[in-house]
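So the chains spell out like this:
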4 protein chains.
Amino acid sequence: MAQSVVLVVGAGDATGGAVARRFAREGYAACVTRRSADKLHPLVERIRADGGQAHAFGSDARKEAQMVALVEGIEREVGPIEVAVFNIGANVRHGITDTSARVYFKVWEMACFAGFLMGREVAKAMRPRGRGTILFTGATASLRGREGFAAFAGAKHALRALAQSMARELGPQGIHVAHPVIDGAIDTEFIRSNFPERHALAAQQGILDPDHIAEAYWQIHRQPRDAWTHEVDLRPWCEPW
Amino acid sequence: MAQSVVLVVGAGDATGGAVARRFAREGYAACVTRRSADKLHPLVERIRADGGQAHAFGSDARKEAQMVALVEGIEREVGPIEVAVFNIGANVRHGITDTSARVYFKVWEMACFAGFLMGREVAKAMRPRGRGTILFTGATASLRGREGFAAFAGAKHALRALAQSMARELGPQGIHVAHPVIDGAIDTEFIRSNFPERHALAAQQGILDPDHIAEAYWQIHRQPRDAWTHEVDLRPWCEPW
Amino acid sequence: MAQSVVLVVGAGDATGGAVARRFAREGYAACVTRRSADKLHPLVERIRADGGQAHAFGSDARKEAQMVALVEGIEREVGPIEVAVFNIGANVRHGITDTSARVYFKVWEMACFAGFLMGREVAKAMRPRGRGTILFTGATASLRGREGFAAFAGAKHALRALAQSMARELGPQGIHVAHPVIDGAIDTEFIRSNFPERHALAAQQGILDPDHIAEAYWQIHRQPRDAWTHEVDLRPWCEPW
Amino acid sequence: MAQSVVLVVGAGDATGGAVARRFAREGYAACVTRRSADKLHPLVERIRADGGQAHAFGSDARKEAQMVALVEGIEREVGPIEVAVFNIGANVRHGITDTSARVYFKVWEMACFAGFLMGREVAKAMRPRGRGTILFTGATASLRGREGFAAFAGAKHALRALAQSMARELGPQGIHVAHPVIDGAIDTEFIRSNFPERHALAAQQGILDPDHIAEAYWQIHRQPRDAWTHEVDLRPWCEPW
């Protein structure tokens, strides 16, 4: 009880999981969520094996009632949420006339609306304490629309607007809101299986290691409040941009 | 029949209406929409009194089936949609913890999702013809998040991402997609009633005249295809920015 | 005497010349400058043949004394400068370690410092009249640095900062400062000779026609002051961006 | 000999000095420069007192021959330059018509041209080694022009273009180029003396502590090459932006 918490919404096998492990190593109780709690077991086991504390929550981040209950439950049962990380992506690619209304909505709901729900709920918890860090994971599509990416870029642009609006409002209240922009492929199982030639770049550090993204998140969190970062890009050395 | 059409989705008493009148003056059949067709009568009357052609459509732009039917119906009954203008706003201001999930969703649904539906449907109609102009009305919040504007800036950022993604995809197919950014108060009944001190600036041309916005839209439409504008700002001379 | 003047600094055979012709057609006395006045004769002849008024000035735009004398002389001998257009480019491409200090300086001096001199001098003349338009020609490199373009992008970024600083200062004084961004090849003799395959795109309107750029400049100038544009992009329909 | 070097061009009493001390603490030989070497003595003494290694160089960074000699001398006499930091500012504020050509040039020469000379010379040294970090200190004016800041914003925009062009060219060669953007007052003697009410914010961490800026620079340098930052903002929690 009363242990400081890092909440990671969207704790997959790459960035989200690595962030949870990084903060757990520093003594934070890692509260990790995915739609199905089952998939979180390997991550929780790994954190515990490393001597850390971890809790898995099956939670649909797009459902307001579930997000409210999640944040309240953690605050009550585990400890104050000191850091919250939103890490749900939904990268799809369709030409504009092939983008169904359902897909357009789903991508926004997952990659943006769920971020709004998390951001708002943790802001409510952090505000009375006058402290806390909220991180929203951005991507190249946060900054630029592109053929085939109307839905994904829309959601990421909107998430960026959320992060910026929250930073301007909550900064003066002591809450640090940041938006790291990941510009490049991340070393995940998905990339390994589907884009083997891309993954081969890993041999020369040409794709992002989730642990290094997590380190950047950690460094943002530990910044003293006179020198806070809101936006920062992370990109492999050989990535064209 | 077979007359070229300008479709204005969100034809209120300010920008949308002025755009419809401007294009009608050039011989386009103005097809104007709002949720309730009744409110469109004064606009339709005015266009007709000026010798133009106008058709009012009551249509909820957020409903896929209605948008599909609207575009199909116009193409079948009135003529080819040469220009489509998306002009629905939804400017609200709430601190982040006072933003309900319902408001956050509604603002996005009106100011962005409806734009996606219109953009996709008119793209389907224009593509086989290899020509057409699609305009999405932007705002300061399209470019910057701000305290109190998480919902509105989110929707406007997403709309901008849509416009940019569509421009990159459809430009090489002969369709001109643009995103004018209106940065300042517009001379509307709403501003007149609610911000009289702001409206007083009209005496010195300090707030935007809808007819001048419409003129800019017209100029964008008539650009030859070797010199197309995608983004342009419009701002009163004395506006701080 | 007392005829309104358009001053075009850097009136070559493409954009600058076309702008001078466009404004002359509207009744402005075109005062055009290049380092050597001789090269201006064809332009002056053409404007006069079309019934317009034109004056050629050999002037090194990088020399403060010459710019001061140019502006004073025009104001005294020809008429009030109503519009001033800065159009000197200096596009070179060198890797960073192959960029000599001399080149880096020269590019800035031509593409930026001369613009500062023109902007300042015409601002002095326009300010007491509370009106006028100042246009600085931008390029893709105004917005983005790129391999090989440290010098050119540096000068263009600095020119953009000048335009933006001047717009924010002079707008409230009635002077319209704008920065059109040309993103694509322009149909010039240089492109025709050196990049024939690129120039072949002209057949399908794939490169910018200087007359169409000039038209955009004219439209910016005639905007009423409640709806001024500061930045606008111009790009061929098929240009990748 | 052969000790890794951090070169800090513009090592004043604030950011530059703090960066030199931060890297010296990690074992780098700090080579610090100012126009007059005398003013560097307190910094050199302090680094040495802390057990670090430091060398002072009186050098006018705007003079090509001096910069060439500086970099060659350090590489020959002290060790390989592993990190180079450009930190010369020149913040002045004048309305456009009050900006002399001399001031406009001097500000660019100090805040941009000197950065080009440093960047080019260290790139020459680093390139054969396929490694190194180059940091250019940015400011709010790097991103936005503003009334009174035509000269300063021009220089900072140009420096940003340099950083971005170099990053895109040198990244794939193993050299990490970054551009931290400092958005807010820094706790310096200058602010203390001239803006006491602003400096009073230091009591609540409302202005940037140079040591915290230095820490951010250090973190950028130690990033593994699969996750490099090019641009990052640093801003006090209560700074309006």
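Residues numbered from 1 in each chain as written. Chains lettered and ligands numbered in written order. Predicted model: local features only at pLDDT ≥ 70, side-chain atom pairs only at ≥ 80, totals over all residues. Heavy atoms only, no water.

**Some thoughts on the overall build of chain A**
Tallying secondary structure elements over chain A gives eight helices and eight strands in all. Taken along the three principal axes of its C-alpha coordinates, chain A extends 50 × 40 × 35 Å. Expressed as a percentage of its 241 residues, the buried residues of chain A come to 62%. By sequence separation, contacts in chain A at least 24 residues apart represent 71% of the contacts at least 6 residues apart. Per element, the accessible surface of chain A, about 8800 Å² overall, is 50% carbon and sulfur. (Helix = DSSP H or I, 4+ residues; strand = E, 2+ residues; numbered from the N terminus. Buried < 20%, exposed > 50% of the residue type's maximum accessible area, 1.4 Å probe, protein only. Contact = heavy atoms within 4.5 Å. Areas by Shrake-Rupley, 256 points an atom, 1.4 Å probe, with all protein chains shown as cover.)

**Focus on the relation of the copies chain D and chain C**
In screw terms, the move from chain D to chain C is a rotation of 180° and a rise of 0.0 Å along the axis, fitting with an RMSD of 0.0 Å. Expressed as a symmetry operation, the mapping of one chain copy onto the other fits a two-fold axis. With an isologous cut-off of 70% or more, the 100% of interface residues of chain D that recur at the interface of chain C puts this contact in the isologous class. (Least-squares fit on C-alpha atoms with pLDDT ≥ 70 in both.)

**Section: the side chain of E121 of chain D**
With respect to the helices and strands, E121 of chain D occurs in helix α4 (residues 101-126). Once residues lying within four places of it in the same chain are set aside, the contact partners of E121 of chain D are M67, V68 and V71 of chain D.

**Observations concerning the pairing of strand β1 (residues 5-9) of chain C**
Residues and elements named next belong to chain C. Here β1 lies mainly inside the structure; five of its five residues are buried. Of the two faces of β1, the one lined by V5, L7 and V9 and the one lined by V6 and V8 are each fully buried. Of the pairings in the sheet, the one linking β1 to strand β2 (residues 29-34) comprises five bridges and is parallel in character. Note that in β2 the partner of V9 across the bridge is T33. Regarding the hand of the β-α-β motif, the stretch spanning β1, helix α1 (residues 15-25) and β2 is right-handed. (Pairing = 2+ DSSP bridges. Right-handed = clockwise from strand over helix to strand, strands pointing away.)

**Considerations on the interface of chain D and chain C**
On the side of chain C, 37 residues touch chain D, which itself brings 37 residues to the contact. Note on chain D versus chain C: buried area summed over both sides is about 3200 Å², and carbon and sulfur give 66% of it. Looking only at chain D, the three residues that lose the most surface to chain C are I96, T97 and Y104 of chain D, adding up to 20% of its buried area. Taken together, the links from chain D to chain C amount to zero salt bridges. Inspection of the chain D/chain C interface yields twelve residue pairs in polar contact (both at pLDDT 80 or more). Elements with a contribution of two residues or more to the side of chain D that touches chain C: α4 and α5 (150-170) of chain D. Residue classes in the side of chain D that touches chain C are distributed as 18 nonpolar, ten polar and nine charged. (Buried area = accessible area lost by both parts, 1.4 Å probe. Salt bridge = Lys/Arg side-chain N within 4 Å of Asp/Glu carboxyl O. Polar contact = N/O pair within 3.5 Å; in protein donor to acceptor, adjacent residues only side chain to side chain. Nonpolar A, V, L, I, M, F, W, Y, C, P; charged D, E, K, R; others polar.)

**Quick word on the interface of chain A and chain B**
Contacts between the two partners involve 37 residues from chain A, matched on the other side by 37 residues from chain B. Summed over both partners, the interface of chain A with chain B comes to about 3200 Å²; 67% of that surface belongs to carbon and sulfur atoms. Broken down residue by residue, the surface that chain A buries against chain B is led by I96, T97 and Y104 of chain A, which jointly contribute 21%. Along the contact surface separating chain A from chain B lie zero salt bridges. Inspection of the region where chain A meets chain B yields twelve residue pairs in polar contact (both at pLDDT 80 or more). For the side of chain A that touches chain B, the element with the most residues is helix α5 (residues 150-170) of chain A, which contributes 13 residues. Along the lines of polarity and charge, the residues of the side of chain A that touches chain B split into 18 nonpolar, ten polar and nine charged.

**Focus: the packing of aromatic side chains**
Counted according to the given criterion, the structure contains 52 aromatic pairs over all chains. Taken together, a centroid distance of 6.1 Å and an interplanar angle of 15° make the contact between W108 of chain A and Y104 of chain B stacked. Note that W108 of chain A is positioned in helix α4 (residues 101-126) and Y104 of chain B in helix α4 (residues 101-126), a pairing that runs across two chains. The pair formed by W108 of chain A and Y104 of chain B is uniform in burial state, with each residue classed as buried. Judged by centre distance (6.1 Å) and plane angle (65°), the ring pair of F190 of chain A and F195 of chain A falls under edge-to-face. For F190 of chain A, a relative accessible area of 52% translates into the label exposed. An aromatic cluster of three or more residues is present, and its members are Y104, F105, W108, F113 and F116 of chain A together with Y104, F105, W108, F113 and F116 of chain B. The lysine or arginine in question, R225 of chain C, covers the ring of W237 of chain B, its NZ or CZ lying 3.8 Å from the ring centre. Between R235 of chain D and the ring centre of W241 of chain D, over which it is positioned, the NZ or CZ distance is 3.9 Å. (Phe/Tyr/Trp six-rings, centres within 6.5 Å; stacked < 30°, edge-to-face > 60°. Lys NZ or Arg CZ within 6 Å of the ring centre and 35° of its normal.)

**A word on the arrangement of the chains**
Between chain A and chain C there is no contact, and the shortest C-alpha to C-alpha separation is 9 Å. The two partners chain B and chain D share no contact, and the minimum distance between any of their C-alpha atoms is 9 Å.

**Section: the layout of surface pockets**
Gaps left between atoms are located by rolling a probe of water-molecule size over the structure's atoms. Residues and elements named next belong to chain B. In this structure, the second largest pocket occupies an estimated 1800 Å³ of space. Surrounding the second largest pocket, 50 residues form its lining, G89, A90, N91, F152 and I186 being those nearest its centre. Of all elements in the fold, only α1 (15-25), β2 (29-34), α4, β6 (138-139), α5 (150-170) and α6 (189-194) reach the threshold of two or more residues within the lining of the second largest pocket. It is α6 that contributes the most residues to the lining of the second largest pocket, three residues altogether. The residue inventory of the lining of the second largest pocket, partitioned by class, reads 21 nonpolar, 15 polar and 14 charged. (1 Å grid on protein atoms, 1.4 Å probe; cavity = no way out; pocket = protein on both sides within 12 Å on 5 of 7 lines; lining within 4 Å. Points joined across faces, edges and corners; volume = space filled by probe spheres on them.)

**Looking at helix α2 (residues 41-49) of chain B**
All names here are of chain B. By the burial criterion, the buried members of α2 are L43, V44 and I47. Burial along α2 is one-sided: seen end-on, the buried residues are contained in an arc of 95°. α2 presents P42 and A49 as exposed residues on the side facing more than 90 degrees away from its buried surface. The secondary structure elements touched by the buried residues of α2 are α1, β2 and β3 (53-58). Trailing α2 by a residue or two, G51 shows a phi angle of about 90°, which is positive. (Arc of directions from axis to C-beta.)

**Side note on the pattern of salt bridges**
For the coordinates displayed, the defined rule picks out 80 salt bridges over all chains. Measuring nitrogen to oxygen at the nearest pair gives 3.5 Å for the salt bridge that ties D187 of chain A to R192 of chain A. Of the residues examined, D187 of chain A reaches a relative accessible area of 23% and is grouped as partly exposed. Its salt-bridge partner being E82 of chain C, residue R131 of chain C comes within 2.4 Å of it at the nearest N-O pair. Here the residue R131 of chain C occupies a position in the loop between α4 (101-126) and β5 (133-136), and E82 of chain C occupies one in strand β4 (residues 81-86), the gap between them amounting to 49 residues. Assessed through its relative accessible area of 9%, E82 of chain C is described here as buried.

**Digging into the confidence of the model for chain A**
Averaged over every residue, the pLDDT of chain A is 96; the share at 70 or more is 99%. Predicted complex, confidence summary: ipTM 0.97, pTM 0.97. (pLDDT = per-residue confidence, 0-100.)

**Considering helix α5 (residues 150-170) of chain C**
Compared with the 30 Å implied by 1.5 Å per residue over 21 residues, the 30 Å span of α5 of chain C between its first and last C-alpha is a close match. Burial analysis of α5 of chain C places 21 of its 21 residues in the buried class, the great majority of the element. (Expected span 1.5 Å × (residues − 1).)

**Quick word on the packing of helix α1 (residues 15-25) of chain A against helix α8 (residues 210-221) of chain A**
All names here are of chain A. It is at 8 Å that the axes of α1 and α8 come closest, and there the two elements cross at 50°. Between α1 and α8, the angle is such that the two are oblique. In the crossing of α1 with α8, the sense of the turn from one axis to the other is right-handed. Residues T15, A18, V19, R21, R22 and F23 of α1 pack against P210, D211, I213, A214, E215, Y217, W218 and H221 of α8. Split into classes, the residues belonging to the contact of α1 with α8 amount to eight nonpolar, two polar and four charged. (Axes fitted to C-alpha atoms, helices over the stretch in contact; angles between N-to-C directions. Parallel < 35°, antiparallel > 145°, perpendicular 65-115°, else oblique. Left-handed = near helix turned anticlockwise from the far one by under 90°.)

**Section: a positive patch on the surface**
A contiguous patch of positive charge, built from R93, R144 and R146 of chain A together with R93, R144 and R146 of chain C, is present on the exposed surface. Structurally, the position occupied by R144 of chain C is in the loop between β6 (138-139) and α5. Taking the relative accessible area as the measure of exposure, R144 of chain C reaches 37% and is therefore partly exposed. (Patch = residues over 30% accessible without salt bridge, like charges linked within 9 Å, V, L, I, M, F, W, Y side chains within 5 Å. Lys, Arg positive; Asp, Glu negative; His and termini not counted. Charge placed at Lys NZ, Arg CZ, Asp CG, Glu CD.)

**Quick look at the environment of F152 of chain D**
All names here are of chain D. Turning to its location among the elements, F152 is positioned in helix α5. Along the chain, F152 and V107 lie 45 residues apart, while their C-alpha atoms are 6.3 Å from each other. Discounting chain neighbours no more than four positions away, the residues touching F152 are A90, N91, V92, V107, A139 and A141.

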